[in-house]
Amino acid sequence: GVCSPSRAAILTGRTPYRNGVWRWIPGNHSVHLRTSEITIAELLKEKGYDTCHAGKWHLNGKFNSDEQPQPDDHGYDHWLATQNNASPNHMNPKNYVRNGEAMGLMEGPSAVIAAHEAAEWLKNRPDKTRPFFITVWTHEPHLPIESAPKFMAPYAHIDDEGIRQHHGNITQLDQAFGNLMKAIDDQGFRENTCVFYTSDNGPEGSSARGRTQGSTGGLRGRKRADFEGGIRVPGIVRFPNYFKDHAIKAGSESDIPVIGSDIFSTICALGDIPLPDDRTIDGADMTPAWSGKPIDRSVPLYWRTHVAPSDCRVALRVGDWKIVGNEDISKCMLFNVQNDPQETTELQEQHPEKFNELQILLIKHDAAVKAEGPDWWQSEPPRQKKARKPKKAAALSEGKDTTGTFDVVKGGTVTAGGLGTMLESTGEAFAVRKLDKPITGAATLSVEFQADPKQTKTRNAMLVFGSKPDQNHLFKVGTAIGMNAHVAYVGDWGAVRSGGTASAT
């Protein structure tokens, strides 16, 4: 249902509450993928594989720190990663780290950078006869979305800028993945390389506003929910020269359900690696499904998402039947998801025996999963919604006002144009004028603003007011386009998340 748990399940074959990564991981959080877990990268490395990770990591809170394990502690020879999202957005990120070294500004779309890193690593390995394992986890299309103009160009006919940005982001991701596949093909690895392509969760947001335009195809719920819209995601496997009993026919489809933890067990099966026998492995070998045969599952398909809506925190599926429950499994719903993937028809009354059977199984399985993992999910204190004290903002350079409208301009130039005046800059800038008398009581301030239509890069705009004309004493209230939000904060752009936000178009 969410990002970090899905990644941990893929790497370990173990469901998230069992492997300890039970939630998405904020920066500096205590939750992390422990070294006591066994990852597929570690098992393959022991078998002689070269290993590489590129893109989002999101399996620790203390990223690039000795206080928690990093990608190289989990079996990766080479890594280029970020803790969570690309910053400040997908274009020209500044927060990539390569093998422990902060890289600063890297130019280009984040997904293209990650795919290029993997391709270059593959090409420059000392011994190209060795087998390899690569994970490329792109930031696109997670917020904050920002797409290169060339990838938005195919959607120029769409009036909604949010849709153009979202669709451009998908095209940006598609280009990156295509680049990586071409690199594998060009180096002669196509026939004997198995490629898995999937997503960590369903689409973010409501799809009705801004850049969060991802589609569930009509499925119920979205990211975070344990309804199908939150957990049923694209899954593609390419293996042209599968050398065992189950050939994958190009263009074939299967409706046999698989889950992220199955990737671990499947790779072990492909590599003749025994599954660890000292722990529960939730994933199953999915290769029978590649030729239309059933999967032998000793552990049922199961989901628990800590930030899900209250009625769909936990779910379990056996065959065509799926039960979805609240936090303590006291209220549940039964669906036949093979016949009703949209989960429109609740079947508890029509099939009481099946409902009771699955509810008992869900209660038992849920308790066993939570008992095996670390109990830090039980002891975590309630989240306190407390604004952080904003950092002191750097001073802006002297600006210029050619219209005589403003008393102080910093960081840019004011000219006539637009709705009356135009503020142009290469970074942050503000223009303010002194009030005739101070405001001591309640007041209403209003402003109209719009981005320059000639700009190719997104510009945010704010109403600015305060007691002194410098960054540290000015309130900013307005539109953060890339965040799909209205925001209020004090200081420079780096302080925006310590203020208030409200979703908006």
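Quick notes on the rules
Residues numbered from 1 in each chain as written. Predicted model: local features only at pLDDT ≥ 70, side-chain atom pairs only at ≥ 80, totals over all residues. Heavy atoms only, no water. Helix = DSSP H or I, 4+ residues; strand = E, 2+ residues; numbered from the N terminus. Rg over C-alpha atoms; globule rule 2.2 N^0.38 Å. Contact = heavy atoms within 4.5 Å. Areas by Shrake-Rupley, 256 points an atom, 1.4 Å probe, with all protein chains shown as cover. Lys, Arg positive; Asp, Glu negative; His and termini not counted. Charge placed at Lys NZ, Arg CZ, Asp CG, Glu CD. Polar contact = N/O pair within 3.5 Å; in protein donor to acceptor, adjacent residues only side chain to side chain. Pairing = 2+ DSSP bridges. Axes fitted to C-alpha atoms, helices over the stretch in contact; angles between N-to-C directions. Parallel < 35°, antiparallel > 145°, perpendicular 65-115°, else oblique. Nonpolar A, V, L, I, M, F, W, Y, C, P; charged D, E, K, R; others polar. Salt bridge = Lys/Arg side-chain N within 4 Å of Asp/Glu carboxyl O. Buried < 20%, exposed > 50% of the residue type's maximum accessible area, 1.4 Å probe, protein only. Expected span 1.5 Å × (residues − 1). Arc of directions from axis to C-beta.

## Structural notes on the overall build of the protein chain
The secondary structure content of the protein chain amounts to 10 helices and 20 strands. Its C-alpha atoms give the protein chain a radius of gyration of 25 Å, near enough to 23 Å, the size a compact globule of 505 residues would have. Referenced to the eigenvectors of the C-alpha coordinate spread, the extents of the protein chain come out at roughly 80 × 60 × 50 Å. Long-range contacts, defined as pairs at least 24 residues apart, comprise 55% of the intrachain contacts of the protein chain with a sequence gap of at least 6. Carbon and sulfur atoms provide 51% of the accessible area of the protein chain, an area that totals close to 25700 Å². Computed over 58 positive and 61 negative side-chain charges, the inter-centroid distance for the protein chain is 5 Å.

## Let's talk about the side chain of Thr138
On the secondary structure map, Thr138 appears in the loop between strand E5 (132-137) and helix H5 (149-152). Within the structure, the side chain of Thr138 is placed 3.0 Å from the backbone oxygen of Glu140, a separation counted as a polar contact. The contact partners of Thr138, leaving out residues within four places of it in the chain, are Ala111 and Leu173.

## Focus on the sheet that holds E5
The five strands lie next to each other as E4-E3-E2-E1-E5, forming an open sheet whose pairing is mixed. Strand pairing shows two members of the sheet lacking a second neighbour, strand E4 (101-102) and E5, which therefore form its edges. Sheet topology places strand E3 (residues 97-98) next to E4; two bridges connect them, and they run antiparallel. Following the sheet pairing, Arg98 is matched in E4 by Glu101.

## Brief notes about the packing of helix H4 (residues 110-123) against helix H6 (residues 161-186)
Taken N-terminus to C-terminus, the directions of H4 and H6 make an angle of 5°; their axes are 8 Å apart at the nearest point. As far as their axial angle goes, H6 and H4 are roughly parallel. Note on element contacts: H6 touches H4 through Gln172, Leu173, Ala176, Asn179, Leu180, Ala183 and Ile184, opposite Ala111, Val112, Ala115, Ala118, Ala119 and Leu122. Split into classes, the residues belonging to the contact of H4 with H6 amount to 11 nonpolar, two polar and no charged.

## Concerning the pattern of salt bridges
Scanning the entire structure with this criterion turns up 30 salt bridges. The shortest N-O distance in the salt bridge between Glu327 and Arg304 comes to 3.2 Å. On the criterion of sequence distance, the pair formed by Glu327 in the loop between strand E10 (321-325) and strand E11 (332-336) and Arg304 in strand E8 (residues 301-304) is long-range, its members being 23 residues apart. The class of Glu327 is partly exposed, set by a relative accessible area of 40%. Accessibility expressed as a relative area gives 8% for Arg304, which makes it buried. A single salt-bridge network, built from bridges that share partners, covers Arg14, Arg18, Arg34, Glu37, Asp282 and Glu372.

## Section: the sheet that holds E8
Read from one edge of the open sheet, four strands run E8-E9-E10-E11, paired in antiparallel fashion. Bordering the open sheet on either side are E8 and E11, each of which pairs with just one other strand. Direction aside, the axes of adjacent strands within the sheet are offset by 15° on average. Pairing of E8 with strand E9 (residues 314-318) involves four bridges; the strand directions are antiparallel. Note that in E9 the partner of Arg304 across the bridge is Val314. Of the strands in this sheet, E8, E9, E10 and E11 are in contact with helix H9 (residues 352-372), which crosses E9 at around 120°.

## Points about the environment of Gly27
Looking at the secondary structure, you find Gly27 in the loop between helix H2 (16-19) and helix H3 (40-46). By relative accessible area, Gly27 is classed as partly exposed at 47%. Separated by 45 residues in sequence, Gly27 and Asp72 place their C-alpha atoms 19 Å apart. If near-sequence neighbours (up to four positions away) are discounted, Gly27 is found in contact with Gly61 and Gln83.

## Quick look at the pairing of strand E14 (residues 413-417)
Judged from the two bridges that link them, strand E12 (residues 400-401) and E14 form a sheet pairing that is parallel. Its bridge partner lying in E14, Asp401 is registered against Val414.

## What to know about unusual backbone geometry
In this structure, the amide linkage connecting Glu140 to the following residue, Pro141, adopts the cis form with an omega of 0°. Structurally, the position occupied by Pro141 is in the loop between E5 and H5. Cis geometry is found at the peptide bond from Leu143 to Pro144, where omega equals 0°. Locating Pro144 in the fold gives a position in the loop between E5 and H5. The residue His58 is not glycine, and still its phi comes out positive at about 60°.

## Some words on H6
The end-to-end C-alpha distance of H6 is 37 Å, a good match for the 38 Å that 26 residues give at a rise of 1.5 Å each. Taken together, the buried positions of H6 are Gly162, Gln165, His166, Gly168, Asn169, Gln172, Leu173, Ala176, Leu180, Met181, Ala183 and Ile184. Close packing links the buried residues of H6 with H4, E5, H5, strand E6 (195-198) and strand E7 (235-238). The opening residue of H6, the one whose side-chain oxygen lies 2.7 Å from the backbone nitrogen of Gly162, is Asp160.

## Topic: H9
Between its terminal C-alpha atoms H9 stretches 30 Å, which fits the 30 Å expected from 21 residues at 1.5 Å a residue. Burial in H9 covers these residues: Phe355, Leu358, Gln359, Leu362, His365, Asp366 and Val369. Each buried residue of H9 lies within a common arc of 145° when the element is viewed along its axis, so the set occupies one face. Set apart from the buried face of H9 by more than 90 degrees, the exposed residues are Glu353, Ile360, Lys364 and Ala371. Lining the buried residues of H9 we find H2, E8, E9, E10 and E11.

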